[in-house]
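Examination of the molecular architecture
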Amino acid sequence: MTERVAIVTGGTRGIGAAISELLAADGTHVAAVYAGNHAAARELADRLAAAAGSVSVHPGDVGDPEFCRALAAGLVAERGRVDYLVNNAGLLIENSVRKMTAGQWGDALRVNLSAPFHLAQAVLAPMTEQGFGRIVNVGSVTAAMGNPVEAGYAAAKAGLLGLTRSLARAVARKGITVNLVVPGVFETGMTSSMRPDAQEAIRAMIPLGRRGDPRELAHAVRFLLADEAGYITGSVVTVDGGLSMGA
Ligand SMILES: NC(=O)c1ccc[n+]([C@@H]2O[C@H](COP(=O)([O-])OP(=O)(O)OC[C@H]3O[C@@H](n4cnc5c(N)ncnc54)[C@H](OP(=O)(O)O)[C@@H]3O)[C@@H](O)[C@H]2O)c1
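In what follows, the accompanying structure is described. (Residues numbered from 1 in each chain as written. Predicted model: local features only at pLDDT ≥ 70, side-chain atom pairs only at ≥ 80, totals over all residues.)

**Side note on the site of the ligand**
The full set close to the ligand counts 30 residues, and Gly10, Gly14, Gly90, Thr188 and Met190 are the nearest of them. Of all the elements in the fold, those that place two or more residues in the shell around the ligand are α1 (14-25), β2 (29-34) and α7 (189-192). Residue classes in the shell around the ligand are distributed as 14 nonpolar, 14 polar and 2 charged. (Near = placed C-beta within 6 Å. Helix = DSSP H or I, 4+ residues; strand = E, 2+ residues; numbered from the N terminus. Nonpolar A, V, L, I, M, F, W, Y, C, P; charged D, E, K, R; others polar.)

Given below as structure tokens:
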């Protein structure tokens, strides 16, 4: 079979690195996109290459539509196709509603909501031509639960549901599925940068009593990308240790 090609945004660290690793182990070429942490990107590329994985790393801003178009076009030129898009890059900005600046609000929406739109738009042509494509957006339980110091992040992640379902309807007859995974709290740089008291309060609310391992989220993404998941579209898969069931 032709080698599958995946774009994994934020694919060099945290949850994204776990997704990249799982897909590369399946024989998929992984184009891992990141913002500027070159050391993490090099480390991921070396690790995957050592395990005979096919990987390329792409620094850039997923909030920039031009970058998104060039990334997709470059992969089509080099690899002939783009099969999977995992919109995983995220930006957590914490500030009270009263103090949040217009710039912070705008950045939260640009990276967490607009970027998945720009990238989806950029891969639709090759996926339509192939008659096959899988798009998975990565949301957050914060979308439904709210957070007093994460209004922009929560609003953007909530917007991903409308984007996921609108895209899913738009491409449903073209062999392309679009789904949303909703992580709870996982062990990554994003959560370790939260205040310790906030981290402990969240852990206490999780019925399974622990933060998730990024590989547990990656497994759900891989499930939605599989050929056998072709009848699942517009769906929401929550991976949160029961957190969103409530206390
Ligand atoms: N961790 C959790 O508990 C949790 C909970 C709910 C939802 N999520 C969601 O899960 C996803 C992954 O989270 P994570 O914790 O693994 O994140 P993370 O450890 O903070 O890593 C974020 C990744 O996104 C990249 N990135 C950020 N802004 C970017 C931009 N403008 N352009 C390109 N790449 C960009 C980063 O690149 P650099 O390495 O170069 O900075 C990094 O690779 C996010 O969408 C997040 O909102 C996470």
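Alright, that's what it looks like, and here's the rest.
**Regarding the pairing of strand β6 (residues 176-183)**
The element β6 is largely enclosed, with a buried count of 8 among its 8 residues. Side chains Ile176, Val178, Leu180 and Val182 project from β6 onto one buried face, and the interleaved Thr177, Asn179, Val181 and Pro183 project onto a second face that is buried too. Bridge analysis of strand β5 (residues 133-138) against β6 gives 6 bridges, and the strand direction is parallel. Considered in β6, the bridge of Ile135 is made with Val178. When β6 meets strand β7 (residues 236-239), the two strands line up parallel, connected through 4 bridges. Within β7, the residue paired with Val182 across the bridge is Thr238. (Buried ≥ 20, exposed ≤ 12 C-beta atoms within 10 Å, placed from the backbone. Pairing = 2+ DSSP bridges.)

**Quick word on the environment of Asn37**
Along the chain, Asn37 turns up in the loop between β2 and α2 (38-50). The class of Asn37 is partly exposed, set by 14 C-beta atoms lying within 10 Å. Spatially, the C-alpha atoms of Asn37 and Thr12 are 8.6 Å apart, while their sequence positions differ by 25 residues. In this view, Asn37 contacts Thr12 and Arg13; residues no more than four positions away in its chain are not counted. (Contact = placed C-beta atoms within 7 Å.)

**With respect to unusual backbone geometry**
Even without a glycine there, the phi angle at Ala52 is positive, about 65°. Among the secondary structure elements, Ala52 is positioned in the loop between α2 and β3 (54-59).

**Examining the pairing of β3**
Judged from the 6 bridges that link them, β2 and β3 form a sheet pairing that is parallel. Within β3, the residue paired with Val30 across the bridge is Val55.

**Some thoughts on the sheet that holds β5**
Read from one edge to the other, the open sheet built from 7 strands follows the order β3-β2-β1-β4-β5-β6-β7, with strand pairing classed as parallel. Each edge of the sheet is formed by a strand with only one pairing partner; in this case those strands are β3 and β7. Neighbour-to-neighbour, the strand axes of this sheet turn through a mean angle of 15°, independent of strand direction. Contacts from helix α4 (residues 102-130) reach β1 (5-9), β4 (84-87), β5 and β6, with the element oriented near 170° to β4. (Axes fitted to C-alpha atoms, helices over the stretch in contact; angles between N-to-C directions.)

**Some thoughts on the environment of Gly27**
For Gly27, the position within the fold is in the loop between α1 and β2. For Gly27, a count of 12 C-beta atoms within 10 Å gives the class exposed. Along the backbone, Gly27 and Ser54 are 27 residues apart, and their C-alpha atoms lie at a distance of 7.3 Å.

**Observations concerning the packing of helix α3 (residues 65-79) against α4**
Direction vectors running N to C along α3 and α4 enclose 30°, while the axes themselves pass 8 Å from each other. With respect to their mutual orientation, α3 and α4 come out roughly parallel. Judged by the twist between their axes, the crossing of α3 over α4 is right-handed. Along the contact surface, α3 presents Pro65, Cys68, Arg69, Leu71, Ala72 and Val76, while α4 presents His118, Leu119, Ala122, Val123 and Pro126. Looking at the contact of α3 with α4, its residues break down into 9 nonpolar, 1 polar and 1 charged. (Parallel < 35°, antiparallel > 145°, perpendicular 65-115°, else oblique. Left-handed = near helix turned anticlockwise from the far one by under 90°.)

Interpretation note: all reported values are geometric properties and have no functional meaning in isolation.
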